[in-house]
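What follows is each chain in one-letter form.
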Amino acid sequence: MTFRTISILALSGSLRAASYNTRLLHAVARLAPAGVDIAVYQGLGALPLFNPDLALTELPAVVALQQAVAAADGILIASPEYAHGVSGVMKNALDWLVGSEQFPGKPVALLNASPRATHAQAALVEILNTMSARIVSQASIALPLLGSGLDQDGIVQHATLGTILRDAIAAFAAAIQTPECALIGAAFPVK
Ligand SMILES: Cc1cc2nc3c(=O)[nH]c(=O)nc-3n(C[C@H](O)[C@H](O)[C@H](O)COP(=O)(O)O)c2cc1C
């Protein structure tokens, strides 16, 4: 029997060059097992501000995001919390995806570089449930990276973090392959 590669699209809600959330996603991409491909999306900063009047206009940056989401078997999201909310970058991207035919049922895992980002994570759960995404709680974790000084290599090589992240990706891949085993709309756990 042959298995096709699982394609996962990773979206960071931070545009900071030294973003811990973006580093986390790049590290996860490197820790993914054979058969799981994780691509960190680079184009969220190029999206225009969401305007429903433009929803039917084929804006290149929007079409690119929608096509990347459509082609992905699952979505990884890591977004900072700003003033107890989801970052504008992430909310804007999700608003462009609200009408996307491919989003309902899409498996989504929520990573975060800060266990303190509880308001943003709860808001993401609410938003994603409203968009009919399938949140995979077993693969959703928050790690204390803020202020750690760990760069992408440091996260990859960290024994404990590496193991936790490998387990999270394995759980996400398993949920993508066996949808009936995944928890739907479960509460977001902070480990
Ligand atoms: C304007 C602003 C508001 C913030 N508000 C919060 C907040 O309400 N709660 C929180 O836990 N962290 C807050 N933070 C800290 C960021 O969430 C934290 O720096 C973030 O995790 C960094 O993510 P990044 O390294 O991926 O950019 C805030 C940071 C900024 C710049």
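Residues numbered from 1 in each chain as written. Predicted model: local features only at pLDDT ≥ 70, side-chain atom pairs only at ≥ 80, totals over all residues. Heavy atoms only, no water.

**Some points on the overall build of the protein chain**
Next, step 1: A tally of regular secondary structure across the protein chain gives 6 helices and 8 strands.
Next, step 2: Reading the helices (α) and strands (β) of the protein chain from amino to carboxyl end gives β-α-β-α-β-β-β-α-β-α-β-β-α-α.
Next, step 3: Radius of gyration (C-alpha) of the protein chain: 16 Å, near the 16 Å computed for a compact globule of 191 residues.
Next, step 4: In terms of principal-axis extent, the alpha carbons of the protein chain reach across some 50 × 45 × 30 Å.
Next, step 5: Expressed as a percentage of its 191 residues, the buried residues of the protein chain come to 48%.
Next, step 6: When contacts within the protein chain are restricted to residue pairs at least 6 apart in sequence, those whose partners lie at least 24 apart make up 83%.
Next, step 7: Carbon and sulfur atoms form 57% of the exposed surface of the protein chain, whose accessible area is close to 9100 Å². (Helix = DSSP H or I, 4+ residues; strand = E, 2+ residues; numbered from the N terminus. Rg over C-alpha atoms; globule rule 2.2 N^0.38 Å. Buried < 20%, exposed > 50% of the residue type's maximum accessible area, 1.4 Å probe, protein only. Contact = heavy atoms within 4.5 Å. Areas by Shrake-Rupley, 256 points an atom, 1.4 Å probe, with all protein chains shown as cover.)

**Comments concerning the confidence of the model for the protein chain**
Next, step 1: Here the protein chain averages 92 in pLDDT, and 92% of its residues register 70 or above.
Next, step 2: Scored below 50 in pLDDT, residues 181-188 makes 19 contacts in the model with residues more than four places away or belonging to other chains. (pLDDT = per-residue confidence, 0-100.)

**Observations concerning the site of the ligand**
Next, step 1: Around the ligand, the neighbouring residues are S14, R16, S19, Y20, N21, P80, E81, Y82, A83, H84, R116 and L146.
Next, step 2: Between A83 and the ligand, the recorded distance is 2.9 Å, taken from a backbone N or O atom to a nitrogen atom.
Next, step 3: Contact distances for the ligand include 2.9 Å between an oxygen atom and a backbone N or O atom of H84.
Next, step 4: Considered on its own, the ligand offers 640 Å² of accessible surface; in the complex 66% of this is hidden by protein.
Next, step 5: Listing elements by their share of the shell around the ligand, those giving two or more residues are helix 1 (20-31) and strand 4 (81-82).
Next, step 6: Residues that form the shell around the ligand fall into these classes: 5 nonpolar, 4 polar and 3 charged. (Near = heavy atom within 4 Å. Polar contact = N/O pair within 3.5 Å; in protein donor to acceptor, adjacent residues only side chain to side chain. Nonpolar A, V, L, I, M, F, W, Y, C, P; charged D, E, K, R; others polar.)

**What about the environment of I38?**
Next, step 1: Relative to the assigned elements, I38 resides in strand 2 (residues 36-40).
Next, step 2: The spatial distance from the C-alpha of I38 to the C-alpha of L9 is 5.8 Å, given a sequence separation of 29 residues.
Next, step 3: Residues within four places of I38 in sequence aside, it is in contact with I8, A10, V28, A29, A32, L76 and I169.

**Section: the packing of aromatic side chains**
Next, step 1: Going through the model one piece at a time under the given rule, you end up with 1 aromatic pair.
Next, step 2: Here F50 and W96 contribute two aromatic rings whose centre-to-centre distance is 4.8 Å and whose plane-to-plane angle is 85°, an arrangement assigned as edge-to-face. Taken together, the positions of F50 in the loop between strand 2 and helix 2 (60-71) and W96 in helix 3 (residues 88-97) put the pair 46 residues apart, joining distant regions of the chain.
Next, step 3: F50 sits in the partly exposed class, given a relative accessible area of 31%.
Next, step 4: The class of W96 is buried, set by a relative accessible area of 4%.
Next, step 5: The ring of Y20 carries the charged tip of R23 above its face, separated from the ring centre by 4.6 Å. (Phe/Tyr/Trp six-rings, centres within 6.5 Å; stacked < 30°, edge-to-face > 60°. Lys NZ or Arg CZ within 6 Å of the ring centre and 35° of its normal.)

**Some words on the environment of P115**
Next, step 1: By the element assignment, P115 lies in the loop between strand 6 (107-112) and helix 4 (118-130).
Next, step 2: Sequence separation between P115 and I141 is 26 residues; the distance between their C-alpha atoms is 8.4 Å.

**A word on the packing of helix 2 against helix 3**
Next, step 1: The contact between helix 2 and helix 3 brings their axes to 10 Å, and the two run at 75°. By the angle between their axes, helix 2 is roughly perpendicular relative to helix 3. Of the residues in helix 3, those in contact with V62, L65, Q66 and V69 of helix 2 are A93, W96 and L97. (Axes fitted to C-alpha atoms, helices over the stretch in contact; angles between N-to-C directions. Parallel < 35°, antiparallel > 145°, perpendicular 65-115°, else oblique.)

**A short note on the pairing of strand 3 (residues 74-78)**
Next, step 1: Taking burial as the measure, the 5 residues of strand 3 include 5 buried ones, the bulk of the element.
Next, step 2: With burial as the criterion, each face of strand 3 is covered, one bearing G74, L76 and A78 and the other bearing I75 and I77.
Next, step 3: Looking at chain direction, strand 1 (residues 6-12) and strand 3 are connected through 5 bridges and run parallel. Residue pairing for strand 3: S12 is matched across the bridge by A78.
Next, step 4: One ladder, built from 4 bridges, connects strand 3 with strand 6; its direction is parallel. Following the sheet pairing, L76 is matched in strand 6 by A109. (Pairing = 2+ DSSP bridges.)

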